[in-house]
Structure formats: C-alpha cells, structure tokens
Amino acid sequence: MAALPATGTSSPPLLPASHQPSSELENHGFFAEEQDRSLSLIEKGEVEVKRSYVRNRQAVLSGAAYCLCSCSMVLLNKLVLSGFNLDAGISFMFYQNLVSVAIIYTLKACGHITTEPLTWKLVSIWFPVNLIFVGMLLSSIMSLKYMNIGMLTIMKNLANLITAVGDMYLFRKQHNLQVWISLLLMIVSAICGGLTDLAFSGIGYAWQITNCLLTAGYTLTLRKTMDVARKATQSGNLSEYSMVLLNNSLSLPLGLGLAFLFNEVDYLLSSSVVRSSMFWFVSTLTGFVGLAISFTSMWFLKETGPTTYR
C-alpha cells in the first residue's frame, strides 16, 4: 500500500536574514534607529543635568566666597579708617592694590598661576572699566569714613536696583516678580534705615550714593568688557588672575597721582599712624582680602549675571 503524503502543520524553516522579506528588515531597522535615538536623548539629558548641577554648584560656591570676602573687607577697612584715624583713603587704596599685584606676580614667578601679557590693546579695552573700579573703591572708602557699617550696608542696596534696571536695558534681561519684590524690600529697608540713622552725615551719604552709581556701572560694564577683552588676548581666554592683575595694575598710577594731588603723601610723612606695626599688619591683610574679593567677584559674575551678582 502506498504511503500517504505528509499533512503536518509545522512552520516552514526560517530563512536567513539575507532572504527575509524587505519589509521585515525595514521594520527591524526602524525600531533599532528609534531605540538608538531614545538612548541618545537620554544620554544628552543626563549630560545636561550634570552640566546644570555643575553650573549651579559653581554659582553657589562663587557667591558664598564673594560674600565672605566682601564682609571681611568692609570690617577691615572700617578698622583701619576709624580705628587708626587714617585720613588718607586714596593712599590706603593704592597700598591695597599694590599688595594684590605683588601677590599675583609672586605666584606667577613660582609657577602656580599664569596670566596674559599686558598688551596695549588689552589695556586700552580694560582702562575705561578700571576708571570706574578706582572710583568705586575710593567712594566706598570715603563713605566708610563718615558712616557706620550697618547704614552703609543698607544703602548699598540702592546699587542693586540700579543694576537690575541697567541689566534690563543693556542686556535685555527679564526679571521675575520675586526679584522685583526683593528689590522693593531692599529699598524700603534703606529708607527705614535712613530715617532712624542718628549719626546722619551729608558727606557720607553723598559718597555712598556716588558709590552706588559707580558700583552699578562697574557691574554692568565689567561683564561686557570681559567678553571683549578675551578676543584681544593671544590665547583667546582671560582668566580671573589676568583680570585681577589688569584691574589692580592699572589702578596704581591713578592712585599714586591722586595721592599727590590731594596732598596725602605729606600727611602720611607727618602722621604717627605709619609708625604703628599693627597698622601695617592690618593694611597688608586688607591687600590679601582685596585680592580675594577681586577674584571672587569676577568668578561670581562669570557664573551668574549682573543682577544676581549685586
């Protein structure tokens, strides 16, 4: 009897990939591409999160360092001007910047830091902002001579409002409601503090208002000058050390000229305060803190913006 043909329902053998229908290969390739794209987006998201974390951490660290140096500088300046009855604010500023420049060149000579060469092109770009820098330091020192620290701190809040408004018009920065509420509270505190200030000094307030205007101008122009100055360097970069060296070096001839103009040199030669070793110790310490505040202020401004910096 002849055998019957097989009638089983087993599936046909799988074909190799090269013999599979083109539609199946296209679907497989499509899903693979989608999977790769999804993984790529996830990796990019993780990278952005890490970058955002680093930026926020740098902003917090630079802000905390700047606040610490700023508070220390105010207290030390007040100690020198009031504690030693120093009547030579310009010479005091000159000595602070001289100490800062000496420290930078010492660190550079030891190979710990590198700075950009001070070319005429770089100096010409930086000089206008340096004029504001010198005016800001002098007005701050002079206002400290006539005002107490608490009132001076409150009055500094006026510079915050000027900076925020300038940030809007110059850099098109939009501030949210929380920023304006904070600024409003600062202004109210300045007004209330002024009304209760028993040791009112018209000269002190005039110097402090001048300082607020110069501080806001310095903050707003510094960020733009930093970007322009980078393009004028040989390396295409401008470190905080180079910027601090620029600021303090250019301020030395200005400070020295003003000291002679206002007869402070004659005053110092006849004053007994310059024979005090403690005076020189504290004054030199302010030079170290002045270097730190210059470095941290530029670091903080680079990590944030003019309004946040103020």
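The model shown is predicted, which means the values in this text are computed figures rather than measured ones. (Residues numbered from 1 in each chain as written. Predicted model: local features only at pLDDT ≥ 70, side-chain atom pairs only at ≥ 80, totals over all residues. Heavy atoms only, no water.)

A closer look at the overall build of the chain
Within the chain, the secondary structure is distributed over 11 helices and zero strands. Mapped in sequence order, the helices and strands of the chain form the string α-α-α-α-α-α-α-α-α-α-α. Here the analysis covers contacts within the chain between residues at least 6 apart in sequence; of these, 86% occur between residues at least 24 apart. As presented, the chain carries roughly 18100 Å² of accessible surface, and 67% of it is formed by carbon and sulfur atoms. (Helix = DSSP H or I, 4+ residues; strand = E, 2+ residues; numbered from the N terminus. Contact = heavy atoms within 4.5 Å. Areas by Shrake-Rupley, 256 points an atom, 1.4 Å probe, with all protein chains shown as cover.)

A look at a nonpolar patch on the surface
Together, Met278, Phe281, Leu285 and Phe288 make up a nonpolar patch on the protein surface, roughly 410 Å² of accessible area in all. Since its relative accessible area comes to 34%, Leu285 is described here as partly exposed. (Patch = residues over 30% accessible without salt bridge, like charges linked within 9 Å, V, L, I, M, F, W, Y side chains within 5 Å. Salt bridge = Lys/Arg side-chain N within 4 Å of Asp/Glu carboxyl O. Buried < 20%, exposed > 50% of the residue type's maximum accessible area, 1.4 Å probe, protein only.)

Thoughts on the confidence of the model for the chain
Looking at the chain, pLDDT values average 76 and 75% of them are 70 or higher. Within the chain, the element-level pLDDT minimum falls on helix H11 (residues 306–309), averaging 67, and the maximum on helix H2 (residues 89–109), averaging 89. A low-confidence stretch, residues 1–11 (pLDDT under 50), is modelled with zero contacts involving residues beyond four sequence positions or located in other chains. (pLDDT = per-residue confidence, 0-100.)

Looking at the packing of helix H7 (residues 202–231) against helix H10 (residues 277–303)
Following both chains from N to C, one finds H7 and H10 inclined at 80°, their axes separated by 11 Å at the closest point. Here H10 runs roughly perpendicular to H7, going by the angle between their axes. Residues Tyr218, Thr219, Leu222, Arg223, Met226 and Arg230 of H7 touch H10, and the partners they reach there are Met298, Leu301 and Lys302. Here the residues of the contact of H7 with H10 sort into five nonpolar, one polar and three charged. (Axes fitted to C-alpha atoms, helices over the stretch in contact; angles between N-to-C directions. Parallel < 35°, antiparallel > 145°, perpendicular 65-115°, else oblique. Nonpolar A, V, L, I, M, F, W, Y, C, P; charged D, E, K, R; others polar.)

Some details on the nonpolar core
With 50 residues, the main nonpolar core has Leu86, Trp126, Tyr218, Leu222 and Met298 as its most contacted residues. Those elements giving two or more residues to this core turn out to be helix H1 (22–83), H2, helix H3 (120–146), H7, helix H8 (240–261) and H10. The contacts of Leu222, once residues within four sequence positions are left out, are Trp126, Val129, Met298 and Leu301. (Core = buried A, V, L, I, M, F, W, Y, C linked by side-chain atoms within 4.5 Å.)

Observations regarding the environment of Glu264
In this fold, Glu264 is placed in helix H9 (residues 264–270). It is 8.5 Å that separates the C-alpha atoms of Glu264 and Gly89, two residues lying 175 residues apart in sequence. Apart from residues no more than four positions distant in its own chain, Glu264 is found in contact with Asp87, Ala88, Gly89, Ile90, Ser91 and Ala259. Here Ser91 takes part through its backbone nitrogen, which lies 2.7 Å from a polar atom of the side chain of Glu264. (Polar contact = N/O pair within 3.5 Å; in protein donor to acceptor, adjacent residues only side chain to side chain.)

A word on the UniProt feature "transmembrane region" (unreviewed entry) in the chain
According to UniProt, the feature "transmembrane region" (unreviewed entry) maps to residues 59–76, 88–107, 119–143, 177–196, 202–222, 243–262 and 278–301 in the numbering used here. Along residues 119–143 one finds 96% helix and 0% strand; the C-alpha atoms at either end are 35 Å apart. In the segment residues 243–262, helix accounts for 95% and strand for 0%; the C-alpha atoms at its two ends are 28 Å apart. (UniProt positions renumbered as here; feature names shortened; annotations may be inferred.)

What about the layout of surface pockets?
Its volume calculated, the second largest pocket comes out at about 220 Å³. Taken together, 15 residues form the lining of the second largest pocket, with Ser91, Phe92, Tyr95, Leu268 and Trp280 sitting closest to its centre. At the level of elements, H2, H8, H9 and H10 are the ones that each hand at least two residues to the lining of the second largest pocket. A per-class count over the lining of the second largest pocket returns 13 nonpolar, two polar and no charged. (1 Å grid on protein atoms, 1.4 Å probe; cavity = no way out; pocket = protein on both sides within 12 Å on 5 of 7 lines; lining within 4 Å. Points joined across faces, edges and corners; volume = space filled by probe spheres on them.)

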